[in-house]
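Chain by chain, the residues:
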Amino acid sequence: MLRVTICAVGRARGGPEAGICADYLDRFSKQGRALGLGPAAIKEVEPKGPGTPVSEATALRRALPAAAHVIALDERGRLLTSPDFAAQIGALRDRGLGDLAFLIGGADGLDPTLRDAADARLSFGPMVWPHMLARAMICEQLYRSATILAGSPYHRG
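Everything numeric here is computed off the predicted structure, so don't read it as measured data.

What counts as what
Residues numbered from 1 in each chain as written. Predicted model: local features only at pLDDT ≥ 70, side-chain atom pairs only at ≥ 80, totals over all residues. Heavy atoms only, no water. Axes fitted to C-alpha atoms, helices over the stretch in contact; angles between N-to-C directions. Helix = DSSP H or I, 4+ residues; strand = E, 2+ residues; numbered from the N terminus. Parallel < 35°, antiparallel > 145°, perpendicular 65-115°, else oblique. Left-handed = near helix turned anticlockwise from the far one by under 90°. Contact = heavy atoms within 4.5 Å. Nonpolar A, V, L, I, M, F, W, Y, C, P; charged D, E, K, R; others polar. Expected span 1.5 Å × (residues − 1). Buried < 20%, exposed > 50% of the residue type's maximum accessible area, 1.4 Å probe, protein only. Phe/Tyr/Trp six-rings, centres within 6.5 Å; stacked < 30°, edge-to-face > 60°. Lys NZ or Arg CZ within 6 Å of the ring centre and 35° of its normal.

Q: Explain the packing of helix 1 (residues 16-33) against helix 5 (residues 131-150) to me, please; I cannot follow it from the model alone.
A: A pair of packed helices is characterised by two quantities: the angle between their axes and the separation of those axes. In the contact formed by helix 1 and helix 5, the axes pass within 9 Å of each other and the chain directions differ by 20°. One element, helix 1, and the other, helix 5, form an angle in the roughly parallel class. At the point where helix 1 passes helix 5, the crossing takes the left-handed sense. Across from E17, I20, C21, Y24, L25, R27, F28, Q31 and G32 in helix 1, the residues of helix 5 making contact are M132, L133, R135, A136, C139, E140, L142, Y143, S145, A146, T147 and A150. For the contact of helix 1 with helix 5, the class distribution of residues is 13 nonpolar, 4 polar and 4 charged.

Q: Mind showing me how you'd approach helix 5 here?
A: Helix length check: helix 5, at 20 residues, gives a terminal C-alpha distance of 29 Å against a target of 28 Å (1.5 Å per residue), a fit within 8%. Of all the 20 residues making up helix 5, 14 are buried; the element is thus mostly covered by neighbouring parts of the structure. Taken from the residues just after helix 5, G151 is the one with a positive phi, measuring 75°.

Q: How do you make sense of the packing of aromatic side chains when you look at a structure like this?
A: How two aromatic rings sit relative to each other is given by the distance of their centres and the angle of their planes. With the rule as written, the count across this model stands at 3 aromatic pairs. Residues Y24 and Y143 carry aromatic rings whose centres are separated by 6.0 Å and whose planes lie at 35° to one another, so their mutual orientation is tilted. Linking Y24 in helix 1 with Y143 in helix 5, this pair joins segments that are 119 residues apart in sequence. Judged by its relative accessible area of 17%, Y24 is buried. For Y143, a relative accessible area of 11% puts it in the buried group. Each ring, one from Y143 and one from Y154, has its centre 4.8 Å from the other, and the planes form 65°; the classification is edge-to-face. With Y143 in helix 5 and Y154 in the segment after helix 5, this pair connects stretches of sequence that are 11 residues apart. Of the aromatic side chains, those joined through ring pairs into one cluster are Y24, Y143 and Y154. The lysine or arginine in question, R27, covers the ring of Y143, its NZ or CZ lying 5.3 Å from the ring centre.

As structure tokens, this is what we get:
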């Protein structure tokens, strides 16, 4: 099973994005079970002291599962179609990888040392998105990738 962890700075505190994330992660875990994917969870971190990219990076590093394949969400990252993203998830699963982690920074983004140490960088486009929306977007794309890999009609693109 390829377990998925979204390591994110800040707390959702029950806002609408938290409900969206919970729904899509539940769907991903159910759809993915038969595909060798899941479960998926969000680990929220808060830095000790002032919230700077450096202190956030320390908290994010502690939240990472050991030996995880790490993908940093960053506007300078690689743009993928949903089928290409699904293919990458499937390839990581097929390699026998146990853990996949996504990194979402705070308001000032990810510390460059953490971003550069990631195995890959993924972009949702050249625009900067609020980190709570980025959470919802990655959760939806995880669910979409499971449906693509399962041949479900959810993805019609």
